[in-house]
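Tertiary structure, described
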Amino acid sequence: MGRYSVAIVVLGLLALAFSTTVLAETHVVGDSNGWDFSVSFDSWADGKVFAAGDTLVFNFKPGAHNVLAVDAAAYRSCKVSGAAADSVAAATGTASFLLKKGVNYFICGVPGHCAAGMKLRVVAN
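Residues numbered from 1 in each chain as written. Predicted model: local features only at pLDDT ≥ 70, side-chain atom pairs only at ≥ 80, totals over all residues. Heavy atoms only, no water.

Remarks on the overall build of the protein chain
Assigned secondary structure in the protein chain consists of 4 helices and 6 strands. Secondary structure of the protein chain in N-to-C order comes out as α-β-α-β-β-α-α-β-β-β. Taken across its 125 residues, the protein chain has 30% of its residues classed as buried. A fraction of 71% describes how many contacts in the protein chain between residues 6 or more apart in sequence connect residues 24 or more apart. Summing over all exposed atoms, the protein chain offers an accessible surface of approximately 7,600 Å²; the carbon and sulfur share of this is 61%. (Helix = DSSP H or I, 4+ residues; strand = E, 2+ residues; numbered from the N terminus. Buried < 20%, exposed > 50% of the residue type's maximum accessible area, 1.4 Å probe, protein only. Contact = heavy atoms within 4.5 Å. Areas by Shrake-Rupley, 256 points an atom, 1.4 Å probe, with all protein chains shown as cover.)

Okay, structure coming up:
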């Protein structure tokens, strides 16, 4: 392999590494309405493309809501353990989560809120 071939391969690898970093996006859940009852989160997510490494930002009224990353069972049942609920008790009104490849689940841990629709399922490719 000549010098120019090696240089092209190295540049190609650098471009690939840089493009995966640059392509990560930040999604504000609920857009300007935030993480609130006024948003249909299924509709909000519909048509959006999410990728592993993207960030979801949840903005909410402190004390009124919180957000928990949960597994599929907790998402379906809207039930979380006491330890998980306590972990967000001092929420500041903003929470960010890095999406992992596959299905990512989020709920509001305030009693009754998840059952009333404050939950989000996102599939990251």
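After presenting the structure, the write-up continues.
Topic: the nonpolar core
The biggest cluster of nonpolar side chains holds 19 residues, and the ones touching the most others in it are V29, W35, W44, F50, L56, F58 and L120. Broken down by secondary-structure element, the contributors of at least two residues to this core are α2 (41–45), β2 (55–59) and β6 (119–124). Counting residues in each nonpolar core, the second largest holds 7 residues, with V70, A74, I107 and C114 among its members. (Core = buried A, V, L, I, M, F, W, Y, C linked by side-chain atoms within 4.5 Å.)

So, the sheet that holds β2
Pairing is mixed in the open sheet, where 3 strands are placed in the order β1-β2-β4. Bordering the open sheet on either side are β1 (26–28) and β4 (94–98), each of which pairs with just one other strand. Across the sheet, the mean angle from the axis of one strand to that of its neighbour is 20 degrees, orientation sign disregarded. Pairing between β1 and β2: 3 bridges, direction parallel. Looking at β2, one finds that T26 is bridged to T55. (Pairing = 2+ DSSP bridges. Axes fitted to C-alpha atoms, helices over the stretch in contact; angles between N-to-C directions.)

A closer look at the packing of aromatic side chains
One pass over the full model with this rule turns up 7 aromatic pairs. Ring centres of W35 and F41 lie 4.6 Å apart, and the angle between their planes is 50 degrees; on these two criteria the pair is classed as tilted. As far as the burial class goes, W35 and F41 line up, both buried. Put simply, the rings of W35, F41, F58, F97 and F106 touch in pairs and so form one group of aromatic residues. It is K119 that lies over the ring of Y75; its NZ or CZ is 4.5 Å from the centre. (Phe/Tyr/Trp six-rings, centres within 6.5 Å; stacked < 30°, edge-to-face > 60°. Lys NZ or Arg CZ within 6 Å of the ring centre and 35° of its normal.)

Regarding the environment of A116
Looking at where A116 falls in the secondary structure, it is placed in the loop between β5 (102–107) and β6. For A116, a relative accessible area of 54% gives the class exposed. Along the primary structure A116 and C78 are separated by 38 residues, whereas in three dimensions their C-alpha atoms are 9.7 Å apart.

A look at the state of the cysteines
Scanning all chains against the criterion turns up 1 disulfide. Bridging C78 to C114, the disulfide has an S-S length of 2.1 Å. Disulfide C78 to C114: torsion about the S-S bond roughly -60 degrees, handedness left-handed. A residue pair is termed long-range when its members are at least 10 positions apart, and C78 in the loop between α3 (72–77) and α4 (82–86) and C114 in the loop between β5 and β6 qualify at 36 residues. (Disulfide = S-S within 2.5 Å.)

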